[in-house]
Amino acid sequence: MSRAFNFSAGPSALPLPVLRKVQEELLNYRGTGTSIIEVSHRSDQFLEIAHRTEQSLRELLAISNDYWVLFMQGGSTLQFALVPLNLSRQGETVEYLCTGEWSSKAIREAARVRRAHVVATATNNIPSPSSWNRAENSRYLHVTSNETISGVQFHEFPSNLDVPLVADMSSDLLTRVVDVSQFGLIYASAQKNIGPSGLTIVIVRKDLCRPLEEGDSEYLNYRAHADTQSMYNTPNTFAWYVAGLVIDWVKKSGGVEEMQRRSVEKASRLYEVIDRSNLYSNTVDPRFRSTMNVTFSIEDETLRQAFLSEAEHANIKHIRGHRMVGGFRASLYNAVEWESVRALIRFMQEFEKERVGK
Ligand code: PMP
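Please read these numbers as outputs of a predicted model, since none were measured by experiment.

Draft legend 1. Geometry of the environment of cysteine 98. Structurally, cysteine 98 is set in strand E3 (residues 93-98). With 28 residues separating them in the primary sequence, cysteine 98 and isoleucine 126 have C-alpha atoms 8.7 Å apart. Each residue touching cysteine 98, except ones within four places of it in the same chain, is listed here: Ser103, Ser104, Ile107, Val118, Ala120, Thr121 and Ala122.

So, in structure tokens, the structure goes:
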């Protein structure tokens, strides 16, 4: 069986053992005579998966009982709205750090319902917390831990903040060691490192959740989802089931410590190639380069076209940059194996040698 070297930014590569397991269990889930996607979310089979997945995630990230772990729908985009609605009230101030496209979207949504105060704005780096223009009496401070489009990542989160820290970890949850107790809330849509799209993980400190205001739909209330074990309505059972398999795979592979070690290694090898080259360039401040999304550009337009089509020929798929910024992007999520990175590096070096004779 031939599989591509898949660098898709999301939905993205899943671990092969997980895909095989899904295939093996799809027609007849563990002797039940039905597929897991053909039965009720309230069936014993599914409830067991739901419960086990939450427990495994709690163990993997050492999440204490002070937090709810919610399995929601609506993507991280819905969380852009739910975070301000649940953690603050009308007229209150909430703080945001703007480091790229995803934080901008979170800010735009928060500004619709609250006083959203931007503490600093940057595109190719992360301004130091000491330079932030802080607001008074804010309810939380929101950061995007990894900007998936530009490839800018926090490697160290601000400590000792006087307000709860909220992080959009859509593209790096499960790829690094995080101390959950440092955060008031973490959210991540699944389609990069956790499973298929259509599932969003929310880890939220219970005591921070305020009752919603009159007129706000109950569906928007974290408590409603917590009180129903994330089954306020029919969840995406397939994505939840696959996420459970992925979480088990991460555990068996050595946990988030090992995922972090692999990510750092894969990304540093690729950045080395870019830095040594006369053809490829990356403009992110090296201190904040992402281990997940390695972005690079080629100045010459004709070479850009050739690069893409020859990459395709070499079975290297989905390295076109995001449509808003162009260029190239290799996403190196947990399921992207070293073999794929090696193939990409080999291809990039050969392409450069042939085209610019390095
Ligand atoms: N935040 C980040 C950092 C992302 O990368 C994405 C998706 N690429 C989103 C939010 C939005 O996620 P969704 O499309 O699942 O709503």
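Moving on from the model shown.
Draft legend 2. Focus on the site of the ligand. Of all residues adjacent to the ligand, which total 13 residues, the nearest are Thr77, Thr148, Asp168, Gln191 and Lys192. Within the side chain of threonine 148, an N or O atom sits 2.5 Å from an oxygen atom of the ligand. The separation between a nitrogen atom of the ligand and a polar side-chain atom of lysine 192 is 2.9 Å. Taking 400 Å² as the accessible area of the ligand by itself, protein coverage stands at 84%. The cavity where the ligand resides is the largest pocket. The element contributing the most residues to the shell around the ligand is helix H3 (residues 75-87), with 4 residues.

Draft legend 3. Highlighting the pattern of salt bridges. Inspection of every chain in the model, using the stated rule, returns 23 salt bridges. Residue glutamate 25 is joined to arginine 30 by a salt bridge in which the shortest nitrogen-to-oxygen separation is 2.8 Å. You can call glutamate 25 buried: its relative accessible area is 5%. In this structure, glutamate 95 and arginine 134 form a salt bridge, with 2.7 Å as the shortest nitrogen-oxygen distance. Placement of the pair is glutamate 95 in strand E3 and arginine 134 in the loop between strand E4 (115-121) and strand E5 (138-144), with a sequence separation of 39 residues.

Draft legend 4. Quick look at empty space enclosed by the protein. For the structure on display, the rule yields 3 cavities of 30 Å³ or more. Together, Phe71, Met72, Gln73, Tyr219, His225, Ser230, Asn233 and Pro235 line the largest cavity. For the lining of the largest cavity, a count of residues per class yields 4 nonpolar, 4 polar and no charged.

Draft legend 5. Region of interest: a nonpolar patch on the surface. Together, Leu26, Leu27 and Ile37 line one region of the surface with nonpolar side chains, adding up to about 290 Å² of accessible area. Mapped onto the fold, leucine 26 is located in the loop between helix H1 (16-25) and helix H2 (44-61).

Draft legend 6. Summary view of the sheet that holds strand E8 (residues 165-168). Strand order in the open sheet made by the 7 strands is E2-E10-E9-E8-E5-E3-E4, with mixed pairing throughout. Two strands in the sheet have a free side with no partner beyond their single neighbour: strand E2 (67-72) and E4. Sheet twist, expressed as the average angle between the axes of neighbouring strands with direction ignored, equals 20 degrees.

Draft legend 7. The pairing of strand E10 (residues 200-205), seen in detail. Most of E10 sits inside the fold, with 5 of its 6 residues counted as buried. Here E2 pairs with E10 via 6 bridges, running antiparallel. Bridge pairing in E10 links valine 69 to isoleucine 203.

Draft legend 8. Up close: the sheet that holds strand E11 (residues 280-281). Read from one edge to the other, the open sheet built from 3 strands follows the order E11-E12-E14, with strand pairing classed as antiparallel. Of all strands in the sheet, those bounded by a partner on one side alone are E11 and strand E14 (328-331). As judged from the 2 bridges shared by E11 and strand E12 (residues 293-298), these two strands associate in the antiparallel manner. Counterpart to serine 281 in the pairing with E12 is serine 297. Across the sheet, helix H8 (residues 301-313) touches E11, E12 and E14, and the angle it forms with E12 is around 135 degrees.

Draft legend 9. Representation of the nonpolar core in the model. Membership of the largest hydrophobic core comes to 57 residues, with the highest contact counts inside it found for Leu61 and Leu174. Looking at this core, the element that brings in the most residues is helix H6 (residues 237-252), giving 10 residues. In contact with leucine 61, not counting residues within four places along its chain, are Leu173, Leu174, Val178, Val180, Ile203 and Val256. Ranked by size, the runner-up nonpolar core spans 32 residues in total, among them Leu303, Ala330, Ala343 and Ile345.

Here is what the cut-offs are and how they apply
- Residues numbered from 1 in each chain as written.
- Predicted model: local features only at pLDDT ≥ 70, side-chain atom pairs only at ≥ 80, totals over all residues.
- Heavy atoms only, no water.
- Helix = DSSP H or I, 4+ residues; strand = E, 2+ residues; numbered from the N terminus.
- Contact = heavy atoms within 4.5 Å.
- Near = heavy atom within 4 Å.
- Polar contact = N/O pair within 3.5 Å; in protein donor to acceptor, adjacent residues only side chain to side chain.
- Areas by Shrake-Rupley, 256 points an atom, 1.4 Å probe, with all protein chains shown as cover.
- 1 Å grid on protein atoms, 1.4 Å probe; cavity = no way out; pocket = protein on both sides within 12 Å on 5 of 7 lines; lining within 4 Å.
- Sits in = over half its atoms within 2 Å of the grid points.
- Salt bridge = Lys/Arg side-chain N within 4 Å of Asp/Glu carboxyl O.
- Buried < 20%, exposed > 50% of the residue type's maximum accessible area, 1.4 Å probe, protein only.
- Points joined across faces, edges and corners; volume = space filled by probe spheres on them.
- Nonpolar A, V, L, I, M, F, W, Y, C, P; charged D, E, K, R; others polar.
- Patch = residues over 30% accessible without salt bridge, like charges linked within 9 Å, V, L, I, M, F, W, Y side chains within 5 Å.
- Pairing = 2+ DSSP bridges.
- Axes fitted to C-alpha atoms, helices over the stretch in contact; angles between N-to-C directions.
- Core = buried A, V, L, I, M, F, W, Y, C linked by side-chain atoms within 4.5 Å.

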